[in-house]
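# Summary of the model geometry
This is what each chain is made of:
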Amino acid sequence: VTVAKMTTKAKRLLAVGAAASVLVVTGCGAPRDAATIDGKTYSIQDVQQRTDALNAAAGTEMFTPAYVVTVTVDNAIAEKVAAEFGLEATDKQLMGALLQQGVPAQLVMDPETGQVLKDDLFSKAVQQQVPPAEYARIADGVDVQVNPRYGSLDANGHFAAGGSLSVRSPQTMLRLQEH
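Bear in mind the structure is a predicted one, so any value in this text is a computation, not a measurement.

Turning next to the layout of surface pockets. Computed from the structure, the second largest pocket encloses a volume of approximately 210 Å³. Surrounding the second largest pocket, 12 residues form its lining, Ile-37, Tyr-42, Thr-72, Ala-76 and Glu-79 being those nearest its centre. Of all the elements in the fold, those that place two or more residues in the lining of the second largest pocket are β2 (40-43) and α2 (65-85). Here the lining of the second largest pocket gets 5 residues from one element, more than from any other, and that element is α2. Among the residues making up the lining of the second largest pocket, the classes are represented as 4 nonpolar, 2 polar and 6 charged.

Below, the structure is given as structure tokens:
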């Protein structure tokens, strides 16, 4: 899948906690906000409603609010990166790729679930196609504030979900140490 991302100059991300050299995201200003990306706010209620809709479409509790926030942040950054690199993917291409990966058609075709899955695939494809240093440079220009309960961005502009999902794999830790 060829992927597209858009670039916009924004404020630098703020460092958080003891890992200030690694993390570049702050908590949101209001407790009801899950995230704010370049001035667009995503409330905790909106994230929960989207999570509930995803789980209803899937017929399971496989989606979490942290996943929804992760996809939202990753996709916003990926769109900016793709735009700068001239990468693009149509909905049809993304849907086809999801179906080829074995994702059930009912999920891909569902407007809410399908969009989240396409956004997730898109952001991962962009991350794989763009050199990490360039990706991090562009991500640094995106103003992202995330409620810490959902996670944070690492120094490379990749979002790590919060809570029990925030444990990093050995591969991720090695990658972070290399940069």
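Mapped onto the elements of the fold, Asn-55 is located in helix α1 (residues 44-58). In this structure the side chain of Asn-55 is engaged in a polar contact, spanning 3.2 Å, whose partner is the backbone nitrogen of Met-62.

Let us look at the pattern of salt bridges. This structure, assessed with the given rule, holds 6 salt bridges. Arg-50 is the salt-bridge partner of Glu-112, the closest N and O atoms lying 2.7 Å from each other. You can see Glu-112 sitting in helix α5 (residues 111-129) and its partner Arg-50 sitting in helix α1, a full 62 residues away along the chain. On the basis of relative accessibility, which here comes to 22%, the residue Arg-50 falls in the partly exposed class. Note that Asp-91 is salt-bridged to Lys-118, the shortest N-O span being 3.5 Å. Residue Asp-91 is found in helix α3 (residues 91-100), and its partner Lys-118 is found in helix α5; the two are separated by 27 residues along the sequence. Residue Lys-118 is classed as buried on the basis of its relative accessible area of 7%. Among the ionic contacts, a cluster of salt bridges with common partners joins Glu-84, Glu-134 and Arg-137.

Quick look at the nonpolar core now. Judged by nonpolar contacts, the single largest core of 39 residues is most densely connected at Val-69, Val-73, Ile-77, Val-126 and Val-146. Residue assignment for this core shows that the elements contributing at least two residues are β1 (33-37), α1, α2, α3, α4 (105-109), α5, α6 (132-140) and β3 (144-146). At 9 residues, the largest contribution of residues to this core is made by α2.

Looking now at the packing of α3 against α5. Axis separation between α3 and α5 bottoms out at 10 Å; the angle between their running directions is 90 degrees. Judged on the interaxial angle alone, α5 and α3 are roughly perpendicular. On α5, the residues that touch Asp-91, Leu-94, Met-95, Ala-97 and Leu-98 of α3 are Leu-117, Lys-118, Leu-121 and Phe-122. Of the residues in the contact of α3 with α5, the class split is 7 nonpolar, no polar and 2 charged.

Turning our eyes to something else, we now look at the confidence of the model for the protein chain. Looking at the protein chain, pLDDT values average 76 and 70% of them are 70 or higher. Considering each helix and strand of the protein chain separately, the mean pLDDT is smallest for helix α7 (residues 170-178), with a value of 42, and largest for α3, with 95. Of the regions scoring below 50 in pLDDT, residues 2-29 engages in 111 contacts with residues more than four places distant in sequence or in other chains. Residue range residues 163-179 is modelled with pLDDT below 50. Its contacts to residues more than four positions away, or to other chains, number 18 contacts.

Conventions we followed
Residues numbered from 1 in each chain as written. Predicted model: local features only at pLDDT ≥ 70, side-chain atom pairs only at ≥ 80, totals over all residues. Heavy atoms only, no water. 1 Å grid on protein atoms, 1.4 Å probe; cavity = no way out; pocket = protein on both sides within 12 Å on 5 of 7 lines; lining within 4 Å. Points joined across faces, edges and corners; volume = space filled by probe spheres on them. Helix = DSSP H or I, 4+ residues; strand = E, 2+ residues; numbered from the N terminus. Nonpolar A, V, L, I, M, F, W, Y, C, P; charged D, E, K, R; others polar. Polar contact = N/O pair within 3.5 Å; in protein donor to acceptor, adjacent residues only side chain to side chain. Salt bridge = Lys/Arg side-chain N within 4 Å of Asp/Glu carboxyl O. Buried < 20%, exposed > 50% of the residue type's maximum accessible area, 1.4 Å probe, protein only. Core = buried A, V, L, I, M, F, W, Y, C linked by side-chain atoms within 4.5 Å. Axes fitted to C-alpha atoms, helices over the stretch in contact; angles between N-to-C directions. Parallel < 35°, antiparallel > 145°, perpendicular 65-115°, else oblique. Contact = heavy atoms within 4.5 Å. pLDDT = per-residue confidence, 0-100.

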